Amino acid sequence: MGQRIRVGGMCAAAAAAALVIAAPQASAETWDMTLSGSQQTVGCSYKLSIASAPALASATFYDNNTQIGSGNAGSSILGSGLSVSWTPKTAGTHTLTASVGYLSASIMVNPITVQVGAAAAGSGSSCGGSSLFPSISG
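Rules behind the numbers
- Residues numbered from 1 in each chain as written.
- Predicted model: local features only at pLDDT ≥ 70, side-chain atom pairs only at ≥ 80, totals over all residues.
- Heavy atoms only, no water.
- 1 Å grid on protein atoms, 1.4 Å probe; cavity = no way out; pocket = protein on both sides within 12 Å on 5 of 7 lines; lining within 4 Å.
- Points joined across faces, edges and corners; volume = space filled by probe spheres on them.
- Helix = DSSP H or I, 4+ residues; strand = E, 2+ residues; numbered from the N terminus.
- Nonpolar A, V, L, I, M, F, W, Y, C, P; charged D, E, K, R; others polar.
- Buried < 20%, exposed > 50% of the residue type's maximum accessible area, 1.4 Å probe, protein only.
- Polar contact = N/O pair within 3.5 Å; in protein donor to acceptor, adjacent residues only side chain to side chain.
- Contact = heavy atoms within 4.5 Å.
- pLDDT = per-residue confidence, 0-100.
- Pairing = 2+ DSSP bridges.
- Axes fitted to C-alpha atoms, helices over the stretch in contact; angles between N-to-C directions.

A. Just the layout of surface pockets, in detail. Taken as a whole, the largest pocket encloses approximately 170 Å³ of empty space. Looking at the largest pocket, the residues that line it are Asp63, Thr66, Gln67, Ile68, Trp86, Thr87, Pro88, Lys89, Thr90 and His94. If you tally residues by element for the lining of the largest pocket, the top one is strand β5 (residues 66-72), at 3 residues. When grouped by side-chain class, the residues that make up the lining of the largest pocket number 3 nonpolar, 5 polar and 2 charged.

Shown next as structure tokens:
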């Protein structure tokens, strides 16, 4: 009798293991961010975006783990993307990340790492303005 219980227990354990292996794995969706501009500079504003986010999605954006701001995709069926304006305050390496909420899905957002340059001293506008015209802002 003791032998039958051991065999039955081993069969049950094997069946449970087979179910775990055969179960579909939950996959997290991955989204990409984009950043406007090509040479980011301290004091200049840039648009940090997650394009084509579905309706009702929301995101909080971070610069080196410090919150930049939040955005909502809106309520239209197609959504409108998530974005925030980012103005770096320091030169150096910045890692931009986002935390996204959409229904109860687990959504990963690929981070962006950028090198931010110091603002040019005495050059007027160093934020991508044209150098063909002098600054009249003072």
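Next, the rest of the story.
B. Up close: the side chain of His94. One can find His94 in strand β7 (residues 92-101). A relative accessible area of 2% places His94 in the buried class. At a separation of 2.7 Å, a polar atom in the side chain of His94 contacts the main-chain carbonyl oxygen of Thr90. Not counting residues within four places of it along the chain, the set of residues in contact with His94 comprises Asp63, Asn64, Trp86, Pro88, Ile112, Thr113, Val114 and Val116.

C. Spatial organisation of the confidence of the model for the protein. This prediction gives the protein a mean pLDDT of 74; 62% of its residues lie at or above 70. The least confident element of the protein is helix α1 (residues 2-22), whose mean pLDDT is 47; the most confident is strand β9 (residues 112-116), at 96. Low pLDDT, under 50, characterises residues 11-27; the stretch is placed with 1 contact to residues that sit more than four places away or in other chains. Low pLDDT (under 50) marks residues 130-138, which in the prediction has 0 contacts with non-local residues, meaning those over four places away or in another chain.

D. Representation of the environment of Thr66 within the structure. Relative to the helices and strands, Thr66 resides in strand β5. Put simply, Thr66 and Thr97 are 31 residues apart on the chain and 9.6 Å apart in space, counted from C-alpha to C-alpha.

E. Quick peek at the pairing of β9. Along β9, the buried face is formed by Ile112, Val114 and Val116; none of Thr113 and Gln115, which line the opposite face, is buried. Inspection of the sheet shows β7 paired to β9 by 5 bridges, in the antiparallel sense. Residue pairing across strands places Gly92 opposite Val116, the latter belonging to β9.

F. Looking closely at the sheet that holds β7. The 4 strands are arranged β5-β4-β7-β9 in an open sheet whose pairing can be described as antiparallel. The sheet is open, and its two borders are formed by β5 and β9, each paired with just one other strand. Each adjacent strand pair in this sheet contributes to an overall mean axis angle of 25 degrees, direction not counted. Where strand β4 (residues 58-63) and β5 come together, 6 bridges link them in antiparallel fashion. Bridged to Thr60 within β5 is Ser70.

G. Geometry of the environment of Leu48. The topology assignment puts Leu48 in strand β3 (residues 46-50). Leu48 sits in the buried class, given a relative accessible area of 0%. The spatial distance from the C-alpha of Leu48 to the C-alpha of Leu82 is 8.4 Å, given a sequence separation of 34 residues.

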